Amino acid sequence: MKQTRMTGSERKARFLDAAAEMVIDQGVFAVTMEGVAQKLGVAKSLGYRYFTGRDDLLAALYDRENQIYVDRLEDELPSDPSFDDWIRGACKLWFRRADERGELFTRLISDNGPLAARAKAGQRANVKGWADGIQKAYG
């Protein structure tokens with residue numbers, strides 16, 4: 001069987017997947033560049049090709065999880081969604097995310113360390129988005 005090299009994006013995704021497993025198993029605080037590399041069986045220096053350090057790795061994981069939700073929501077909604085469509089789609093996908101990735105997402109958004117500011121900014125953006133939607137729909 002012929003082995004093929006992984007692409008850079010595949011390696012980066014593997015680092016994110018390993019970090020996600022560590023977050024679920026042990027919490028955000030347990031993620032280190034060395035620990036992720038050890039989990040993958042690669043040299044620690046490989047991780048630094050894709051991330052500047054632990055905080056960058058965690059930020060990328062947080063962003064990836066948010067982007068998965070956004071992408072699914074965009075796929076779910078009709079081309080010109082009403083506010084009701086947004087509510088239905090967002091609720092449906094929120095519960096799906098809770099089933100599929102709830103433990104990871106909860107740990108990422110409730111972190112009091114390197115992800116705290118990012119989570120707070122995400123919450124503010126969500127509140128503003130919903131407030132804007134309500135204003136637009138109902139005046």
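Residues numbered from 1 in each chain as written. Predicted model: local features only at pLDDT ≥ 70, side-chain atom pairs only at ≥ 80, totals over all residues. Heavy atoms only, no water.

## Thoughts on the pattern of salt bridges
Scanning the entire structure with this criterion turns up 12 salt bridges. A salt bridge links arginine 54 to aspartate 55; the nearest nitrogen and oxygen atoms lie 3.4 Å apart. Glutamate 100 is the salt-bridge partner of arginine 72, the closest N and O atoms lying 2.5 Å from each other. With a gap of 28 residues between them, arginine 72 in helix 4 (residues 54–76) and glutamate 100 in helix 5 (residues 83–109) connect regions that are remote in the sequence. (Salt bridge = Lys/Arg side-chain N within 4 Å of Asp/Glu carboxyl O. Helix = DSSP H or I, 4+ residues; strand = E, 2+ residues; numbered from the N terminus.)

## Regarding the packing of aromatic side chains
In this structure the tally under the stated criterion is 6 aromatic pairs. Judged by centre distance (5.8 Å) and plane angle (75 degrees), the ring pair of phenylalanine 83 and tryptophan 130 falls under edge-to-face. In this pair, phenylalanine 83 is assigned in helix 5 and tryptophan 130 in helix 6 (residues 116–138), connecting sequence segments 47 residues apart. Relative accessible area serves as the criterion here: at 14%, phenylalanine 83 is assigned to the buried category. Ring geometry for phenylalanine 83 against tyrosine 138: centres 6.0 Å apart, planes inclined by 85 degrees, an arrangement best described as edge-to-face. With phenylalanine 83 in helix 5 and tyrosine 138 in helix 6, this pair connects stretches of sequence that are 55 residues apart. Three or more aromatic residues link up through ring pairs in this structure, and these residues are Phe15, Tyr50 and Phe51. For the cation-ring pair, arginine 97 lies above tyrosine 69, with the distance from its terminal atom to the ring centre recorded as 4.2 Å. Here the basic side chain of arginine 97 rests over the ring of phenylalanine 105, its NZ or CZ set 3.6 Å away from the ring centre. (Phe/Tyr/Trp six-rings, centres within 6.5 Å; stacked < 30°, edge-to-face > 60°. Buried < 20%, exposed > 50% of the residue type's maximum accessible area, 1.4 Å probe, protein only. Lys NZ or Arg CZ within 6 Å of the ring centre and 35° of its normal.)

## Overview of the packing of helix 4 against helix 5
Between helix 4 and helix 5, the least distance of the axes is 10 Å, while the angle of their chain directions is 160 degrees. Judged by the inter-axis angle, helix 4 sits roughly antiparallel to helix 5. By crossing handedness, the relation of helix 4 to helix 5 is classed as right-handed. The residue makeup of the contact of helix 4 with helix 5, split by class, is 13 nonpolar, 2 polar and 9 charged. (Axes fitted to C-alpha atoms, helices over the stretch in contact; angles between N-to-C directions. Parallel < 35°, antiparallel > 145°, perpendicular 65-115°, else oblique. Left-handed = near helix turned anticlockwise from the far one by under 90°. Nonpolar A, V, L, I, M, F, W, Y, C, P; charged D, E, K, R; others polar.)

## Topic: the environment of aspartate 132
In this structure, aspartate 132 sits in helix 6. What makes aspartate 132 partly exposed here is its relative accessible area of 43%. Separated by 41 residues in sequence, aspartate 132 and cysteine 91 have C-alpha atoms that sit 17 Å apart.

## Topic: the nonpolar core
Judged by nonpolar contacts, the single largest core of 23 residues is most densely connected at Val23, Val31, Val36, Phe51, Leu57, Leu61 and Leu108. For this core, the elements supplying multiple residues, two or more each, are helix 1 (8–26), helix 2 (33–40), helix 4 and helix 5. Sort the elements by how many residues they give to this core and helix 1 lands first, with 7 residues. When residues no more than four places from it in sequence are discounted, the contact partners of leucine 57 are Phe15, Leu16, Ala19, Val31, Met33, Val36 and Phe51. Counting 5 residues, the second largest nonpolar core, distinct from the first, contains Tyr69, Leu77, Ala90 and Leu93. (Core = buried A, V, L, I, M, F, W, Y, C linked by side-chain atoms within 4.5 Å. Contact = heavy atoms within 4.5 Å.)

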